[in-house]
Amino acid sequence: MLLTTAGMLQFLPIFLNIQPCPYEPARAASCQKCARAGGKDSDIENVGRTPRHHTFFEMLGNFSFGDYYKKEVIPWAWEFVTEVLKLDKDRLWITIYETDDEAFDIWRSIGVPAERIKRKGKKDNFWGPPGASGSCGPCSEIHYDLGEEYSCGHPNCGIDTCECDRWVEIWNLVFTELYQDEEGNQSPLEKKNVDTGMGLERITMVCQGVASTFETDLLRPILDKVSEMSGVPYKKSEKTDVSLRIITDHARCVSFLISDGVIPGNEGRSYVLRMILRRALRHGKMLGMELPFLYKLVDVVVENYGGAYPELVQNKEKIKDVIKKEEERFNKTLDRGYKLLEEFINDKKDIDGESAFKLYDTYGFPLELTKEIAQENGLNVDEKGYKAAMQEQKERAKAATAKISVTGDMKYASLEREIGSTEFVGYLENESQSKILGFIEGEGFVDIALDKTPFYAECGGQVGDSGIIENDHFKAEVLTTFKVNDLYVHRCSILNGDITIGDKVSAKIDIARREEIRIHHTSAHLLQAALIKVVGDEVKQAGSYVDDERMRFDFTFSRAMTEDEIRKTESLMNKWIGEGYSVQTQVMGIKEAELTGATALFGEKYGDTVRVVSIVKDGECISKEFCAGTHARELKDLRLVKIVSEGAIAAGTRRIEVFVGNAAIKYLNAKSAEIDKLASKFKLHYNEVEARVDKIQEENRELQKELASVKAEAARSKFGTFISKAQNFKCGEVNGKLFISKIEDIDADAVKAGMEMMASKLGESVIVLASPRMVIAKVTDSFVKAGINAGKIVGEIARATGANGGGRPNFAQGGIKEVAQLDSILNDIEINLKG
């Protein structure tokens, strides 16, 4: 994900069972900063043109990870909007998934008329899965009717037939209860989850009784400042209102993005920021404002939001500086870009793809901005042609494309076009006498291009070389090396002196590091050969990563490898290492290489000439692959291979991580040292440690059982004395027992066991127990129906002590922090229940 686009995004690892839930109870609530520049909810083309689309918004949400579900959250949601926010029930409408009878019945049970509950299909009221497979489920939405004055006027305008401005979705309750596999088959999840989302801007609009989110106190101060700066009053005309709203929204969005560390650029989230920022600048020009102006709005954004988001206050000057510099940069090309656009506008001609790309590449106009200007003038943009022009440039700088995502712009492709290619001598040489052809300065680094280099550039999963570039008056440490087509770029930290284009320098790789990289790369070829021998021809390489400390190998395979298969694979690799195989490299035409039976990586593009790496001995070849990487001269150089992990990274794709040579020895020495520590502690031989640990674990399990039994028995005995102290209690027409008490700090499981025993003895009852660490409540069904809610009782007690808690109406538990007032709190609860 480039940006956080939804409140639930941070909780995805919990929903997908990738990590355990860290909360007790298993629930959370949040106000999440979100940013979107696409999609139906926040399409940037709609921002400013509708009353409630935004690029940045705050999403309120509450989440249950197998804790509460429909019968709890639906009444809570209704209680919140009607009793806390005090929204008019006659203006509220509910939508549910077409087959969700359970949700319908719950909405009906809390008093929502059947005619105000509308069933909708999968498009509107079913969420997920987020990918080809995963959790999913029906959702239920709460909508607010702004009134007939905002209707589209269609005779059938209604919540289930129309999406006009009259109807505002204020809260979406998603019930993730199903798992969908890649074939579309659905099955129930072991735990049912809740994921809700309520946009702060929308609910504020409804609560403040205004027709647009821009008129709420969240955005109106910014809007008023834009109006003041431009001299254009709001609601003077729809055309200027659109520009005022766009600048308002975008000023807020770019302030938050920059505060969170994004900077303008041409790739990824940096491109999103630049596109939003430049769109605001263009609309400022339309209002007669001169650049730079947008940075002046940062003060009002920080004033409005700094209390909730102190990082805005801390980063205010940085935000203003980044925006101002981007404004000055765009101002240099904005007028020239407009002149090109005016030629099309005056001639009433659609904008061809080459021109759209030129506007982007030369004048800094994001495609979205060009499209917006074209649409305003009744013109179209040839997006296919634009993409084709973009692709042509990528093909001219195919290696640069991968690096642009790191560096953030196209300057490397331009450098490659200016100075051409680098001669790579690193297969045979560790050092070269070279000339500096050019350099590009970055933040904290300088990228240097040479005419000749021994430095291997990152390619095919192998990391780039490091080392030194120097002469008598200059020295730079090479941190890594990458390629732009055939131009090698050395990312450097300058140690002393200044760079001068044309200078002669000595370029030396870190030989020790290169040697470790060599053997790790060869281990990838060796591993693939061993896997095919052990588990079969189904194995196909899907990617790899090689550096001086490890090798990661991704491969297609339908299941997890067994421990025996992993051992056999590792043993076979070490057997081959000890048998004296040599590693040979041949350079040949691609057709000739294909005829040798060499393996090529699926999806990889190769030139007319390729390098083929073979592992051979006495005419026997165990591996032959296309590969441009650096390799060991013979297998004995690897010395030792150790497989340290094997696991899934995607459906049908596995990953093995391998240590080789010094890294393998270091790894095994560390493991051996840990075993020696245990052996010394137990005063045993190392091969007796496992049996001793097994015995200790078994003894521990037995002791835990005995301890649990003793605690439960002690609790039952203790709680048995409570039964006689329970008071007679009546609520409505229900008679039973009431017991509220502070107890000593007893094990949680023992407390639950004791409470269950009490409940079985007392019959209809309300039981509330509070220890120094926890509070727990149990309410029998009859008292629940009479209006007593265990979740509310626990929540009230927990919050009064500074903790959190809650749960179902019939059972709940929570934490306790400050115990000083616990007696008084419990007394108040008892009085309230009796009164």
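Coordinates for the structure precede this section.
Residues numbered from 1 in each chain as written. Predicted model: local features only at pLDDT ≥ 70, side-chain atom pairs only at ≥ 80, totals over all residues. Heavy atoms only, no water.

Participant: Which residues make up the overall build of the chain, and what values do they have?
Facilitator: A count of helices and strands for the chain gives 25 helices and 29 strands. Considered along the principal axes of its C-alpha atoms, the chain spans approximately 95 × 90 × 50 Å. The contacts in the chain between residues at least 6 apart in sequence include a share of 65% that link residues at least 24 apart. In the structure as shown, the chain presents an accessible area of about 40300 Å², 47% of it carried by carbon and sulfur atoms. (Helix = DSSP H or I, 4+ residues; strand = E, 2+ residues; numbered from the N terminus. Contact = heavy atoms within 4.5 Å. Areas by Shrake-Rupley, 256 points an atom, 1.4 Å probe, with all protein chains shown as cover.)

Participant: Residue-level account of the packing of aromatic side chains, with values.
Facilitator: All told, the structure shown has 29 aromatic pairs when counted by the stated rule. Consider the rings of Tyr68 and Trp76, whose centres lie 4.7 Å apart with planes at 70°: the pair is edge-to-face. The class of Tyr68 is buried, set by a relative accessible area of 3%. Seen from their ring centres, Tyr360 and Tyr386 are 6.3 Å apart, and the 75° between their planes marks the pair as edge-to-face. Of this pair, Tyr360 sits in helix H12 (residues 353-361) while Tyr386 sits in helix H14 (residues 383-396); the two residues are 26 residues apart in sequence, bridging distant segments of the chain. For Tyr386, a relative accessible area of 7% translates into the label buried. Ring pairs connect the aromatic residues Phe11, Phe15, Tyr23, Phe63 and Phe65, which therefore count as one cluster. Geometry around Phe126 places Lys122 over its ring, the cationic atom sitting 5.2 Å from the centre. (Phe/Tyr/Trp six-rings, centres within 6.5 Å; stacked < 30°, edge-to-face > 60°. Buried < 20%, exposed > 50% of the residue type's maximum accessible area, 1.4 Å probe, protein only. Lys NZ or Arg CZ within 6 Å of the ring centre and 35° of its normal.)

Participant: Hey, could you go over the pattern of salt bridges for me, with residue numbers and the actual values?
Facilitator: Scanning the model with the defined rule gives 48 salt bridges in all. The shortest N-O distance in the salt bridge between Lys235 and Glu215 comes to 3.4 Å. Of this pair, Lys235 sits in the loop between helix H6 (220-230) and helix H7 (238-259) while Glu215 sits in the loop between helix H5 (200-207) and H6, and the two are 20 residues apart along the sequence. In this structure, Lys834 engages Glu830 in a salt bridge whose closest nitrogen and oxygen atoms are separated by 2.8 Å. Highlighted residues: Lys834 and Glu830, both in helix H25 (residues 822-834), separated by 4 residues, approximately one helical turn. In this structure Glu830 comes out as buried when scored by relative accessible area, which is 17%. (Salt bridge = Lys/Arg side-chain N within 4 Å of Asp/Glu carboxyl O.)

Participant: Residues and numbers for the packing of helix H17 (residues 511-535) against helix H18 (residues 563-578), please.
Facilitator: Relative to each other, H17 and H18 sit at 125°, their axes nearing to 9 Å. When the axis of H17 is compared with that of H18, the two are oblique. The element H17 and its partner H18 pack so that their crossing is right-handed. Of H18, the residues touching H17 (which contributes Ser523, Leu526, Leu527, Ala529, Ala530, Leu531, Lys533, Val534 and Val535) are Glu565, Lys568, Thr569, Leu572, Met573, Trp576 and Ile577. (Axes fitted to C-alpha atoms, helices over the stretch in contact; angles between N-to-C directions. Parallel < 35°, antiparallel > 145°, perpendicular 65-115°, else oblique. Left-handed = near helix turned anticlockwise from the far one by under 90°.)

Participant: Just give me the short version of the sheet that holds strand S15 (residues 487-497), but keep the residues and values in it.
Facilitator: Spatially, S10-S11-S15-S14-S13-S16 is the arrangement adopted by the 6 strands of the closed barrel, whose pairing is antiparallel. Between one strand axis and the next, the sheet turns by 45° as a mean value, whatever way the strands run. Two strands pair when backbone bridges link them, and strand S10 (residues 431-441) and strand S11 (residues 446-450) are joined in this way by 5 bridges, in the antiparallel orientation. Pairing of Gly438 across the sheet is with Ala449, part of S11. (Pairing = 2+ DSSP bridges.)

Participant: Please give an account of helix H21 (residues 689-723) that cites residues and values.
Facilitator: Its 35 residues place the ends of H21 50 Å apart at the C-alpha level, agreeing with the 51 Å of an ideal helix rising 1.5 Å per residue. Tucked into the core, H21 has its buried residues touching helix H20 (662-682), strand S25 (734-742), helix H22 (748-762) and strand S26 (765-770). (Expected span 1.5 Å × (residues − 1).)

Participant: Please give an account of the sheet that holds strand S19 (residues 582-589) that cites residues and values.
Facilitator: The antiparallel open sheet is built from 3 strands, whose spatial order is S19-S20-S21. Since the sheet does not close on itself, it has two edges, and those belong to S19 and strand S21 (620-626), each with one partner. When the angles between neighbouring strand axes are averaged without regard to direction, this sheet yields 25°. Bridge count between S19 and strand S20 (residues 609-617): 8 bridges; the pairing is antiparallel. Its bridge partner being in S20, Gln584 is matched across the sheet by Ser614. Contacts from H17 reach S19, S20 and S21 within the one sheet, and its direction differs from that of S21 by about 120°.

Participant: Any chance you could break down the nonpolar core for me, citing the residues and the numbers?
Facilitator: Formed by 100 residues in total, the largest nonpolar core has its most connected members in Trp107, Ile170, Leu294, Ile323 and Phe365. Of the residues forming this core, the biggest block, 9 residues, is contributed by helix H11 (residues 316-347). With 35 residues, the next largest nonpolar core counts Ile517, Val546, Phe557 and Ile615 among its residues. (Core = buried A, V, L, I, M, F, W, Y, C linked by side-chain atoms within 4.5 Å.)

Participant: Now, about the pairing of strand S4 (residues 117-120): what can you tell me, with residues and values included?
Facilitator: Pairing geometry for strand S3 (residues 92-97) and S4, over 4 bridges, is parallel. Across the sheet, residue Ile94 finds its bridge partner in S4, namely Ile117.

Participant: I'd like a description of the side chain of Gln462, backed by residues and values.
Facilitator: Within the secondary structure layout, Gln462 lies in the loop between strand S12 (452-453) and strand S13 (467-471). Taking relative accessible area as the criterion, Gln462 reaches 0% and is therefore assigned buried. Of the polar contacts made by the side chain of Gln462, one reaches the side chain of His521; its length is 2.6 Å. In terms of polar contacts, Gln462 uses its side chain to reach the side chain of Thr630, at 2.9 Å. Excluding residues within four positions of it along the chain, Gln462 makes contact with Tyr456, Ile517, His521, Val546, Gly629 and Thr630. (Polar contact = N/O pair within 3.5 Å; in protein donor to acceptor, adjacent residues only side chain to side chain.)

Participant: Please provide a residue-by-residue account of H7, values included.
Facilitator: For H7, built from 22 residues, the straight-helix expectation of 32 Å at 1.5 Å per residue is met to within 8% by its first-to-last C-alpha distance of 32 Å. Positive phi appears at Gly261, one or two residues downstream of H7, with a value of about 105°.

Participant: Before we move on, can you summarise unusual backbone geometry with the specific residues and values?
Facilitator: With an omega dihedral of 0°, the bond running from Glu24 to Pro25 counts as a cis peptide bond. Along the chain, Pro25 turns up in the loop between helix H1 (12-15) and strand S1 (27-35). At the junction of Leu291 and Pro292, the peptide bond is cis and its omega measures out at 0° in the coordinates. The topology assignment puts Pro292 in the loop between helix H8 (268-286) and helix H9 (298-305). Although it is not a glycine, Lys86 sits at a positive phi angle of roughly 60°. Locating Lys86 in the fold gives a position in the loop between helix H2 (70-84) and S3. Phi is positive for Asp618, close to 50°, though the residue is something other than glycine.

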